Amino acid sequence: MNLQWYPGHMTKAKRMMQEDIKLIDVVIELVDARIPLASRNPDIDEMAKGKARIVLLNKFDLADDKKTLEWKAWFEEQGIFATLVNSKSGKGIKEVHQVIQEACKEKIERDRKRGIKNRPIRAMVVGIPNVGKSTFINSFARKACTKTGNKPGVTKGKQWIRLNKSVELLDTPGILWPKFEDEQTGLQLAFIGSIKDEIINKEELALQLLSYLLEEYQKNLIERYDILIEKDNKKLESLQVLKQIAKKRACLLKGGELDYGKAATLLLDEFRDGKIGKITLEQVKIKEKTEIKNSFN
């Protein structure tokens, strides 16, 4: 599957961000903890040069705990402040205030030496579609400031939100980039719902997801769907597994034939909702062994 999705409004949004970033002290980038690299827009690195950077590993409750902590350590090795948040439940949101102060420490000190007091930190919140920016902002501000929705493209324009005397946020629309570097990036974005389902062959996408889960998360599949993943000491193919899921969940057409489309939609929805378990689709390679503090307690 060669997936690309870059509607015209994203070009306009990118130009807007390039202008607004001149006013910004720190860029807060939300990524999906299940695909921390694939859910990063590479254009942000170019636009945010010279700015303080924070990465929020959002939806960490849906991702593999151990791998999420490895990714947090990886970002910190790149010189980027990183923390874990669950925008829906609010977990980790309080810590973001502290991270902003830490990331902007030099700017705050410069202002103090110039005699500038009480100037709020201006933060731009960026991220790809459906990564949870608006939900994060509403949770961070403790009020409904922005529209939210479980589909890409809900935020259409920019808006400033004053949180308190010390921080102002600029919300921006979710933008992708014109061409994905490889097919895998497009697939991973489609898995989590950042590419509109209307342009996707869901059955093919579900088979691709099953292929990965059969390699890395067999136990999750067995526990969720009560299915076999091996027969006669031979691992089953994705289509054979999807067939079992269709049978177990009574995904049927008229006449009793199996409805693979319905089974595919069910699998994708349950993955996105975390019902198959905590799953991370990208592996991190840390050059040096890093002591990883448990951030989940």
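Residues numbered from 1 in each chain as written. Predicted model: local features only at pLDDT ≥ 70, side-chain atom pairs only at ≥ 80, totals over all residues. Heavy atoms only, no water.

### Here's the deal with the pattern of salt bridges
Opposite charge on two side chains makes pairing possible when the charged atoms of those side chains draw close.
For step 1, the next point in the chain: The tally for this structure, following the rule as stated, stands at 22 salt bridges.
For step 2, the next point in the chain: Between Lys107 and Asp111 there is a salt bridge, with its nearest N and O atoms 2.8 Å apart. Of this pair, Lys107 and Asp111 both sit in helix H5 (residues 105-113), four residues apart, roughly one helical turn.
For step 3, the next point in the chain: Note that Arg249 and Glu270 form a salt bridge whose closest N and O atoms lie 2.9 Å from each other. Placement of Arg249 in the loop between helix H10 (238-248) and helix H11 (260-272) and of Glu270 in helix H11 is noted, with a sequence separation of 21 residues between them. (Salt bridge = Lys/Arg side-chain N within 4 Å of Asp/Glu carboxyl O. Helix = DSSP H or I, 4+ residues; strand = E, 2+ residues; numbered from the N terminus.)

### Description of the confidence of the model for the protein chain
For step 1, the next point in the chain: Considering every residue of the protein chain, the mean pLDDT works out to 85; 84% of them sit at 70 or more.
For step 2, the next point in the chain: Low pLDDT, under 50, characterises residues 147-156; the predicted model gives this stretch 26 contacts beyond four residues in sequence or across chains. (pLDDT = per-residue confidence, 0-100. Contact = heavy atoms within 4.5 Å.)

### Observations concerning the nonpolar core
For step 1, the next point in the chain: Residues Phe136 and Leu169 are the most contacted members of the largest nonpolar core, which totals 62 residues.
For step 2, the next point in the chain: A per-element tally of this core places helix H8 (residues 202-216) first, with seven residues.
For step 3, the next point in the chain: Once residues within four sequence positions are removed from consideration, Leu169 is found in contact with Ile28, Ala123, Val125, Ile137, Phe140, Gln159, Trp160, Ile161 and Leu163.
For step 4, the next point in the chain: Listed in part, the 14 residues of the second largest apolar core include Leu69, Trp71, Leu84 and Val284. (Core = buried A, V, L, I, M, F, W, Y, C linked by side-chain atoms within 4.5 Å. Buried < 20%, exposed > 50% of the residue type's maximum accessible area, 1.4 Å probe, protein only.)

### Some details on the packing of H8 against H10
For step 1, the next point in the chain: Between H8 and H10, the shortest axis-to-axis distance is 9 Å and the interhelical angle comes to 100°. Considering their axes alone, H8 and H10 lie roughly perpendicular with respect to each other. For the pair H8 and H10, contact is made by Leu207, Leu210, Ser211 and Leu214 and by Ser238, Leu239, Val241, Leu242 and Ile245, respectively.
For step 2, the next point in the chain: Looking at side-chain class alone, the contact of H8 with H10 contains seven nonpolar, two polar and no charged residues. (Axes fitted to C-alpha atoms, helices over the stretch in contact; angles between N-to-C directions. Parallel < 35°, antiparallel > 145°, perpendicular 65-115°, else oblique. Nonpolar A, V, L, I, M, F, W, Y, C, P; charged D, E, K, R; others polar.)

### Topic: helix H9 (residues 218-225)
An α-helical turn contains 3.6 residues, so any two residues separated by three or four positions project in the same direction.
For step 1, the next point in the chain: Within H9, burial applies to Asn220, Leu221 and Tyr225. Seen from one end, H9 has its buried residues packed into an arc of 95°, which puts them on one side. Turned more than 90 degrees from where H9 packs its buried face, Lys219 and Glu223 sit exposed.
For step 2, the next point in the chain: Looking at the buried side of H9, the elements it contacts are H8, H10 and H11.
For step 3, the next point in the chain: Immediately beyond the C-terminal end of H9, within one or two residues, lies Asp226, with a positive phi of roughly 55°. (Arc of directions from axis to C-beta.)

### Some thoughts on the pairing of strand E6 (residues 167-171)
For step 1, the next point in the chain: Summarising burial for E6: five of the five residues are buried, a large majority.
For step 2, the next point in the chain: Of the strand pairs in this sheet, strand E4 (residues 121-126) and E6 are connected by five bridges, and their pairing is parallel. Paired with Met124 across the strands is Leu170, a residue of E6.
For step 3, the next point in the chain: Direction of pairing for strand E5 (residues 159-162) relative to E6: antiparallel, over a ladder of four bridges. Among the inter-strand pairings, Trp160 is bridged to a residue of E6, identified as Leu170.
For step 4, the next point in the chain: Connecting E5 to the antiparallel partner E6 that follows it, the hairpin turn spans four residues. (Pairing = 2+ DSSP bridges.)

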